[in-house]
Amino acid sequence: MGQNIASTRHWIKQRVSSILLIPLTLLFFYNFLNVSTLSYDDVISNYKNPFHLCVAFLFITISIWHFYQGIEVVLEDYIHETNLRNSTLKTLKILCWFLTLIITLAFIFLYRF
Amino acid sequence: MSKHMQNRPLSPHLTIYRPQLNSVLSILHRITGIALSITLLILIGFFISLIFGEKIFIVFSTYFNSVVGKLIMFFSLCGIWYHFFAGIRHLFWDMGYGFNLKWVELSSYSILALTFIFVLTSLLI
């Protein structure tokens, strides 16, 4: 029973991140594709705009969690050895938290530039 | 589970199927999803390089604008827009729409067409 509830929650969380990423992907890339070819100062001044900064921050962080939710399902399908699967997932979870922390710090610095 | 049970072959036996549009697109969703994790790391690298100042950023953007970098960006764009549209179809399936064969076929071609249009537009902006 506990496993069922966990699976349902996982399913819902994955849908939530998917739906959030629909507008965020469009907004992020519409801006980013213009920005990525600019000079350093122009890129910095682009992300002075709080809207672009927020969109980029949300896009990256939610993508990290969408990645984790996706890879969880993939590993469940292909790694049948439970211990190996769980330790891989644990490592990836730590990595995801680490990336989230780094990117949060990066955006705080970017905002304060 | 006993050893005997674990080693039983899994159905479906993918290797004996003739590849169909639907099965290819289905596995492509997964492949692009996995491949996009590399794109995500590059994007994270881009923003981190920004805060380390202009010198590091220039190193990063030179790499971005090299042939290899451009190829990676091109495949990333293909992956992003494919995964984007195929993902939206998955959401419709989750709500219970679009299961009949005619719609599945139509949406498959729509996904490919939209991916093509969006990649092209992305390259032109």
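Residues numbered from 1 in each chain as written. Chains lettered and ligands numbered in written order. Predicted model: local features only at pLDDT ≥ 70, side-chain atom pairs only at ≥ 80, totals over all residues.

### Points about the interface of chain A and chain B
Convention followed: By the convention adopted here, residues are in contact when the distance between their C-beta atoms, placed from the backbone, does not exceed 7 Å. Only DSSP runs of H or I with at least four residues qualify as helices, and only runs of E with at least two residues qualify as strands; both kinds are numbered from the N terminus onward.
Contacts between the two partners involve 25 residues from chain A and, on the opposite side, 22 residues from chain B. Looking at the side of chain A that touches chain B, the elements with two or more residues in it are helix H1 (2-35), helix H2 (40-46), helix H3 (50-78) and helix H4 (82-112) of chain A.

### A word on the packing of H3(A) against helix H2 (residues 21-51) of chain B
Here is the rule we go by: Where helices are involved, their axes are fitted lines through C-alpha atoms of the stretch in contact, as for all axes, and angles between N-to-C directions lie from 0 to 180°. Working rule for handedness: look at the near helix, and if it is turned counterclockwise from the far one by less than a right angle, call the crossing left-handed; if clockwise, right-handed.
Direction vectors running N to C along H3(A) and H2(B) enclose 145°, while the axes themselves pass 10 Å from each other. Judged by the twist between their axes, the crossing of H3(A) over H2(B) is left-handed. Between H3(A) and H2(B), the contacting residues are A:Ile60, A:Ser63, A:Ile64, A:Phe67, A:Gly70 and A:Val74 on the first element and B:Arg30, B:Gly33, B:Ile34, B:Ser37, B:Leu40, B:Leu43 and B:Ile44 on the second.

### Focus: the confidence of the model for chain B
Rule in force here: What pLDDT reports is the predictor's confidence in each residue, on a scale of 0 through 100.
Overall, the predicted model of chain B reaches an average pLDDT of 89, with 89% of residues at or above 70. This prediction of the complex comes with two scores: 0.90 for pTM and 0.92 for ipTM.

### Remarks on the environment of B:Leu25
Residue and element names in this part refer to chain B. In plain terms, the rule: Burial is judged by counting other C-beta atoms within 10 Å of a residue's own C-beta: 20 or more means buried, 12 or fewer means exposed, and anything between counts as partly exposed, with every C-beta placed from the backbone.
By the element assignment, Leu-25 lies in helix H2. The exposure class assigned to Leu-25 is partly exposed, which follows from the 18 C-beta atoms found within 10 Å. Note: C-alpha distance between Leu-25 and Met-73 (48 residues apart in sequence) is 21 Å. Those residues within four positions of Leu-25 in sequence are excluded, and the remaining contacts are Ala-86, Ser-108 and Ile-111.

### Comments concerning the packing of H2(B) against helix H4 (residues 67-94) of chain B
Geometry of a packed helix pair, given as the angle between the helix axes and the separation of the axes. Residue and element names in this part refer to chain B. We apply this condition: Should an angle fall under 35 degrees it is called roughly parallel, over 145 degrees roughly antiparallel, and 65 to 115 degrees roughly perpendicular, with every other angle called oblique. Throughout, the ten residues Ala, Val, Leu, Ile, Met, Phe, Trp, Tyr, Cys and Pro are labelled nonpolar, Asp, Glu, Lys and Arg are labelled charged, and all others, Gly among them, are labelled polar.
Packing of H2 against H4 leaves a shortest axis separation of 9 Å and a crossing angle of 130°. Classified by the interaxial angle, the pair formed by H2 and H4 is oblique. Seen along the crossing, H2 lies across H4 with a hand that is left-handed. When H2 is examined against H4, the residues Leu-25, Leu-28, His-29, Thr-32, Gly-33, Ala-35, Leu-36 and Thr-39 are found in contact with a partner set consisting of Ser-76, Gly-79, Ile-80, Tyr-82, His-83 and Ala-86. A class-by-class count of the residues in the contact of H2 with H4 yields seven nonpolar, seven polar and no charged.

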